[in-house]
Amino acid sequence: MRSHEYFYNYDRQNIQKPDAHFSNVQTKFIFVTGGVMSGLGKGVTSSSIAKLLQLADHKVSCIKIDPYLNYDAGTMNPVAHGEVFVTDDGGECDMDIGNYERFLNQDIPKSHNITTAQVYSSVIDAERKGEYLGACVQIIPHVTDEIKNRIKTIAKNEKLDFLIVECGGTVGDIESLPFLEALRQMKVEEGPQGVIFVHVTLAPSLDVVGEQKTKPTQHSVQELRRIGIQPDFLAVRCSLPLEEKTKKKIAMFTNVTTKDVLSCHDAKSIFEIPQMLYDQGIMDSIFTKFGKVGMVNTSANWDAWNKIAYNMVNHEDQKVKIAMVGKYVTLTDSYVSVNHALKHAGAHLGKSVDIHWIDSESIDDYDTLSNYDGILIPGGFGIRGSEGIVQTANYAREKNIPYLGICFGFQLAAIAFGRHVLNLEDGNSTEIKADAKNPIVDLLPEQKQVSDMGGSLRLGANKIVIKENTNAQQIYNTGIINKRHRHRYEINKEYIPQFEKSGLIFSADSDDGKRMEVLEIPSHKFYLGVQFHPEFNSRPGFPEESFTSFIKAASEK
Ligand code: GLN
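Bear in mind that the values here come from a model prediction, so they are computed numbers and not experimental data.

Undergrad: For this particular structure, what's the right way to read the overall build of the protein?
TA: Of regular secondary structure, the protein possesses 19 helices and 23 strands. Scaling as 2.2 N^0.38, a compact globule of 557 residues should have a C-alpha radius of gyration of about 24 Å, and the protein matches this with 25 Å. Reported as C-alpha extents along the three principal axes, the dimensions of the protein are approximately 75 × 65 × 45 Å. Each of the 557 residues in the protein was classed as buried or not, and the buried ones make up 59%. In the protein, 74% of the contacts between residues at least 6 apart in sequence involve partners at least 24 apart. If you sum the accessible surface of the protein, you get close to 23,000 Å²; carbon and sulfur atoms cover 50% of it. Distance from the positive charge centre (60 side chains) to the negative charge centre (71 side chains) of the protein: 3 Å.

Pasting the structure below:
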């Protein structure tokens, strides 16, 4: 693994981009597939390639194909599948969309997360409308046409130079076959200089110094070729850098040039991967395959990115300890955007944030929380573990420990205050106790008619108005913010006067004062709850303001 110094001081003399002439041609497509097993980092590979192209001054975006039958990720358990990432336009998407947004520092619309259900729904709707009248509707061509159409529409509407399409799942899965067939057809239609395939595989070693095994990669490429796809690049996950002889062996068995067999070895941070791929000549090779023309230098972009990437992996000597008390702590991916947002804020302040996961269902000794510099409660749903969250929010308030509550963490902080300061007997959320005597948090009125669970929460970005002379105004340094939401319940406005009389104020609202968006306790070191999800707006180098203020307060002794 390279040292950070090397990483930062990387000689940028040769970093170049093709000239404008290249940008005027049609969108070029890069399709990323996966083999051997899941979890190899297709998302990071796709994002890194996209980043390299963006650094070369191209207009780039990414699509994630999820071959599962859910319409979107909204109804999936975060512990099994990872976080549900919410887009500005209210999509409940696969967490890879979050990776793309963070790497590219660019909003991605929900249309960029394509699932089997969306594709089939469109085809079936069209059939019912009689759009295929007379035809027998089939996977080829109707389903594959719909897939290609979705991809090409995005490329055209967004006038992209490059579109990276990551196909979820592993080659050999039944669900992904129609998608891979559509991608294969696109290579034929767009021509050899229009489409590149990158296949992500694994070269395991049975012990630390052991031989890097190539057989899983060989088999997975065979499987890909059986369905008509010849990869142009192999991104091979391995713990130590892929040896030259291993690259040669893989190349021989897979018909991929040795230099295009890329080592994706363990790195300290995902932000090192673009550089790792660049060092192996991926950019030259991509441009050659697409038919390269003149080059110009883009070192300014690299300067900015290197600074961000360097900052993200340093400051080990400046630790801030954060307790994250939540419901879905068995899989760190269930709060992946919150984790990233904390790290972005830390990097910005020259701190390294140590995140400790605490299960709100099993916490019993709240005094252990005094070992932390700050307490964060992320989003959540349902009764399990909710009491632990209420008690944690109360403990943070009583002990003057910096507290950031997000969505569920905002609602339950209000309940903690209601119970312990206002003495509201049986104060609760009707989500947790339907007949609570004091329903401090209640269903959004428009939710009363809703019966479907999928896509029916209050979703996406909404305008929020911040009150003057509040901490929120200081944190955001503006009166209006636009933040993403994902909730069904809200603060019951009947209780607001009691709260505000006793020292907890609601410092921002939305929809003309109809719903409360931020709570704060001005007398506390830092006590902030937000109904929205600030984590989805945080990017490396551009941390979300509430996280920065929280980490700043947590680092002050
Ligand atoms: N369960 C709460 C609601 O539906 C909070 C949701 C969340 O934390 N995302 O309002």
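Undergrad: Can you help me understand the sheet that holds strand β12 (residues 319–326) in this one?
TA: Adjacent strands of a sheet pair through backbone hydrogen bonds, lying either parallel or antiparallel. Here 9 strands make up an open sheet; going across it, the order is β13-β12-β14-β15-β23-β22-β21-β18-β19 and the pairing mixed. The open sheet terminates on both sides in strands that have one partner only, identified here as β13 (352–359) and β19 (480–487). The sheet shows a mean angle of 25 degrees between the axes of neighbouring strands, direction not considered. Inspection of the sheet shows β12 paired to β13 by 8 bridges, in the parallel sense. In the sheet register, V325 faces β13, and the bridge partner there is I358.

Undergrad: Quick question: what am I supposed to make of the packing of aromatic side chains here?
TA: The geometry of two aromatic rings is summed up by the distance between their centres and the angle between their planes. This structure, assessed with the given rule, holds 14 aromatic pairs. Here the aromatic residues F29, F31 and F197 are joined through ring pairs into a cluster of three or more. For K289, the ring lying beneath its charged end belongs to F233, and the centroid distance is 5.1 Å. Above the ring of Y372, the side-chain terminus of K321 is found at 5.3 Å from the ring centroid.

Undergrad: Help me out: how do you make sense of the environment of A416 in this one?
TA: Locating A416 in the fold gives a position in helix α16 (residues 408–420). For the pair formed by A416 and V60, sequence separation is 356 residues and the distance between their alpha carbons is 46 Å. Once you skip the residues sitting within four places of it in the chain, A416 turns out to touch V390, A393, N394 and V421.

Undergrad: Got a minute to help me understand the environment of V530 in this structure?
TA: Looking at the secondary structure, you find V530 in strand β23 (residues 527–530). Along the chain, V530 and A472 lie 58 residues apart, while their C-alpha atoms are 9.8 Å from each other. Ignoring any residue separated from it by four or fewer positions in sequence, one finds V530 in contact with G405, I406, C407, F410, E517 and V518.

Undergrad: What is the right way to look at the site of the ligand in this model?
TA: In the vicinity of the ligand, the residues found are G379, G380, F381, C407, F408, Q411, E431, R486, H487, R488, Y489 and H533. In this structure, a nitrogen atom belonging to the ligand sits 2.9 Å away from a main-chain N or O atom of R486. At a separation of 3.2 Å, a nitrogen atom of the ligand approaches a polar side-chain atom of H533. With the chains in place, 99% of the 300 Å² that the ligand exposes on its own is no longer accessible. Residue composition of the shell around the ligand, grouped by class: 4 nonpolar, 5 polar and 3 charged.

Undergrad: Would you mind going over the pairing of strand β18 (residues 458–466) with me for this structure?
TA: Side-chain direction in a regular strand flips from residue to residue, so the side chains alternate between the two faces of the sheet. Strand direction decides the pairing type here: β18 and β19, joined by 8 bridges, are antiparallel. Residue pairing across strands places N462 opposite K483, the latter belonging to β19. Looking at chain direction, β18 and strand β21 (residues 505–510) are connected through 3 bridges and run antiparallel. Note that in β21 the partner of I466 across the bridge is A508.

Scoring rules and cut-offs
- Residues numbered from 1 in each chain as written.
- Predicted model: local features only at pLDDT ≥ 70, side-chain atom pairs only at ≥ 80, totals over all residues.
- Heavy atoms only, no water.
- Helix = DSSP H or I, 4+ residues; strand = E, 2+ residues; numbered from the N terminus.
- Rg over C-alpha atoms; globule rule 2.2 N^0.38 Å.
- Buried < 20%, exposed > 50% of the residue type's maximum accessible area, 1.4 Å probe, protein only.
- Contact = heavy atoms within 4.5 Å.
- Areas by Shrake-Rupley, 256 points an atom, 1.4 Å probe, with all protein chains shown as cover.
- Lys, Arg positive; Asp, Glu negative; His and termini not counted.
- Charge placed at Lys NZ, Arg CZ, Asp CG, Glu CD.
- Pairing = 2+ DSSP bridges.
- Axes fitted to C-alpha atoms, helices over the stretch in contact; angles between N-to-C directions.
- Phe/Tyr/Trp six-rings, centres within 6.5 Å; stacked < 30°, edge-to-face > 60°.
- Lys NZ or Arg CZ within 6 Å of the ring centre and 35° of its normal.
- Near = heavy atom within 4 Å.
- Polar contact = N/O pair within 3.5 Å; in protein donor to acceptor, adjacent residues only side chain to side chain.
- Nonpolar A, V, L, I, M, F, W, Y, C, P; charged D, E, K, R; others polar.

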